[in-house]
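Here is how the chains run, residue by residue.
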Amino acid sequence: MDHRSGQKSAAQYLYPPLDPYDQRMMDMGEGHHVYVEQSGCPDGVPVMVIHGGPGGGCSPAMRRYFDPRVYRIILFDQRGCGRSRPHASVTENTTWHLVADMEKIRVSLGLGPVLLFGGSWGATLALIYAITHPEKVVHLVLRGVFTMTEAELDWFYGGGAGRFFPDLWDRFTGAIPKNEQADLIKAYHRRLFSGDMAEEMRFARLWANWENALASIDTPHIASETPSEYARAFSRLENHYFVNKGFLDEDRWILKNRHRIEAIGADIVQGRFDMVCPPVSAFELAKGWKNARLDLIPAAGHALSEPGISAALVQVMNDLRCRPWGPKPSAR
């Protein structure tokens, strides 16, 4: 955003570490250069991995959820974060820019329809891309579902989650004057974009620490300090997207447009005790979608790194190896 006594750690369920065979910076125009990498089997089934946040960036561990003999694993850092440049920039940075970037990556790499693998905001972006380009997606694997609704934002930034973590909520809200606390997203926006670097960094850490402290059920809920560079990009980008309601035309846009992707299969892995993105969103997304399968993981929260979440995702990707998608896997 790792393990309980007697349980395996998440890493024990994953494939061994591997290095990318291709790394590049792609010029997306409008001053943005996006980091893209490929690992696994060059002739394998293409899976595009979509990180969370917005602003979270991808990590080497994300390569390890896929059998490298079968999958062509594509990771990329979305605009403004990770190794993409300019860092922490919100200029020309909207959901629709990211959808266009994904399509440009797919075309530039010579890919046909792809598998999409995303969690949290990554699930949001996967769904929006699929709704926009349903013919370019063969299957969705989603984790910790977030559908960018006002109800979800109100849960996390309006006091719902704070009822379970009153000490951490007090720290998050306490930095904001009482007369601004009715809309914490806007209040933080003023400070994250104040132009005063010291103030921006202070509020970036507070914003990032609130989310990180609630991400996992398996670690103590301590608001530890997030590294400065990461915190600034993560918090500015996430706040920028949330203050603009994900740049969607209306509330519940994903759910209202779900009919466009109902022919596509989906595997949804959701922690039953996810405090960042409560299970009701995954349940509502899957309800009535005949090609979707929802797996509620007991004693699991939001983080990708939780053992139960990792085990379920690896199992999903292993099961999907048998589907007739793309070239045959390499024998190496």
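Residues numbered from 1 in each chain as written. Predicted model: local features only at pLDDT ≥ 70, side-chain atom pairs only at ≥ 80, totals over all residues. Heavy atoms only, no water.

### Notes on the overall build of the protein
Turning to step 1, where the next piece is worked out: When helices and strands are tallied, the protein shows 10 helices and eight strands.
Turning to step 2, where the next piece is worked out: A globule of 332 residues ought to have a C-alpha radius of gyration of about 20 Å, and the protein, at 19 Å, matches this closely.
Turning to step 3, where the next piece is worked out: Projected onto its principal axes, the C-alpha coordinates of the protein cover approximately 60 × 50 × 40 Å.
Turning to step 4, where the next piece is worked out: Counting only residues that meet the buried cut, the protein has 59% of its 332 residues in that class.
Turning to step 5, where the next piece is worked out: A total accessible area of about 13700 Å² is found for the protein, and carbon and sulfur atoms account for 52% of it.
Turning to step 6, where the next piece is worked out: Computed over 37 positive and 38 negative side-chain charges, the separation of the two mean positions in the protein equals 4 Å. (Helix = DSSP H or I, 4+ residues; strand = E, 2+ residues; numbered from the N terminus. Rg over C-alpha atoms; globule rule 2.2 N^0.38 Å. Buried < 20%, exposed > 50% of the residue type's maximum accessible area, 1.4 Å probe, protein only. Areas by Shrake-Rupley, 256 points an atom, 1.4 Å probe, with all protein chains shown as cover. Lys, Arg positive; Asp, Glu negative; His and termini not counted. Charge placed at Lys NZ, Arg CZ, Asp CG, Glu CD.)

### With respect to the nonpolar core
Turning to step 1, where the next piece is worked out: Within the largest apolar cluster, 74 residues are counted, with the highest numbers of intra-cluster contacts made by Leu116, Leu140, Trp210 and Leu214.
Turning to step 2, where the next piece is worked out: Broken down by element, the residue count for this core peaks at nine residues, all from helix α2 (residues 121–132).
Turning to step 3, where the next piece is worked out: With 27 residues, the next largest nonpolar core counts Val47, Val70, Leu75 and Ile297 among its residues. (Core = buried A, V, L, I, M, F, W, Y, C linked by side-chain atoms within 4.5 Å.)

### Thoughts on helix α1 (residues 95–108)
Turning to step 1, where the next piece is worked out: Helix length check: α1 (14 residues) gives 20 Å between terminal C-alpha atoms against 20 Å at 1.5 Å per residue, within 8%.
Turning to step 2, where the next piece is worked out: Among all positions of α1, only Thr95, His97, Leu98, Val99, Asp101, Met102, Glu103, Ile105 and Arg106 are buried.
Turning to step 3, where the next piece is worked out: Downstream of α1 by one or two residues, Gly110 has phi in the positive range, about 70°. (Expected span 1.5 Å × (residues − 1).)

### Topic: the packing of helix α4 (residues 166–174) against helix α6 (residues 197–214)
Turning to step 1, where the next piece is worked out: Packing of α4 against α6 brings their axes to within 9 Å, and their N-to-C directions diverge by 165°. With respect to α6, the element α4 is oriented roughly antiparallel. Note that α4 runs across α6; the crossing there is left-handed. For the pair α4 and α6, contact is made by Leu168, Trp169, Arg171 and Phe172 and by Leu206, Trp207, Asn209, Trp210, Ala213 and Leu214, respectively.
Turning to step 2, where the next piece is worked out: Residue composition of the contact of α4 with α6, by class: eight nonpolar, one polar and one charged. (Axes fitted to C-alpha atoms, helices over the stretch in contact; angles between N-to-C directions. Parallel < 35°, antiparallel > 145°, perpendicular 65-115°, else oblique. Left-handed = near helix turned anticlockwise from the far one by under 90°. Contact = heavy atoms within 4.5 Å. Nonpolar A, V, L, I, M, F, W, Y, C, P; charged D, E, K, R; others polar.)

### Details of the pattern of salt bridges
Turning to step 1, where the next piece is worked out: In the structure shown here, the tally under the stated rule is 18 salt bridges.
Turning to step 2, where the next piece is worked out: As a salt-bridge pair, Glu200 and Arg232 come within 3.0 Å of each other at their nearest N and O atoms. Here Glu200, found in helix α6, pairs with Arg232, found in helix α7 (residues 228–243); they are 32 residues apart in sequence, far enough to count as distant.
Turning to step 3, where the next piece is worked out: Looking at Glu200, the relative accessible area reads 5%, which means it is buried.
Turning to step 4, where the next piece is worked out: When the shortest N-O distance is used, the salt bridge between Arg236 and Glu200 registers 3.4 Å. (Salt bridge = Lys/Arg side-chain N within 4 Å of Asp/Glu carboxyl O.)

### Here's the deal with the pairing of strand β4 (residues 71–76)
Turning to step 1, where the next piece is worked out: Summarising burial for β4: six of the six residues are buried, a large majority.
Turning to step 2, where the next piece is worked out: Both faces of β4 are covered, namely the face carrying Tyr71, Ile73 and Leu75 and the face carrying Arg72, Ile74 and Phe76.
Turning to step 3, where the next piece is worked out: Summarising the sheet, strand β2 (residues 32–40) and β4 pair through five bridges and their orientation is antiparallel. Bridge pairing in β4 links Val36 to Phe76.
Turning to step 4, where the next piece is worked out: Two elements, strand β3 (residues 45–50) and β4, share five bridges in a ladder whose sense is parallel. From the neighbouring strand, Val47 faces β4, where its bridge partner is Ile73. (Pairing = 2+ DSSP bridges.)

### Considering the pairing of strand β6 (residues 137–143)
Turning to step 1, where the next piece is worked out: Most of β6 sits inside the fold, with six of its seven residues counted as buried.
Turning to step 2, where the next piece is worked out: With six bridges joining them, strand β5 (residues 114–119) and β6 adopt parallel strand pairing. Looking across to β6, one finds that Gly119 is bridged to Arg143.

### Section: the sheet that holds β5
Turning to step 1, where the next piece is worked out: Across the sheet, which stays open at both edges, the eight strands sit in the order β1-β2-β4-β3-β5-β6-β7-β8 with mixed pairing between neighbours. For this open sheet the edge positions go to β1 (22–29) and β8 (292–297), each flanked by a neighbour on one side alone. Within this sheet the neighbouring strands show an average axis-to-axis angle of 20°, counted without direction.
Turning to step 2, where the next piece is worked out: Strands in contact with α1 are β1, β2, β3, β4 and β5; relative to β1, the strand with the most contacts, it is inclined by about 130°.

### Some details on the confidence of the model for the protein
Turning to step 1, where the next piece is worked out: Predicted confidence across the protein gives a mean pLDDT of 93, with 92% of residues reaching 70 or more.
Turning to step 2, where the next piece is worked out: Confidence drops under a pLDDT of 50 for residues 1–6, and excluding neighbours within four residues, the segment shows 19 contacts in the predicted structure. (pLDDT = per-residue confidence, 0-100.)

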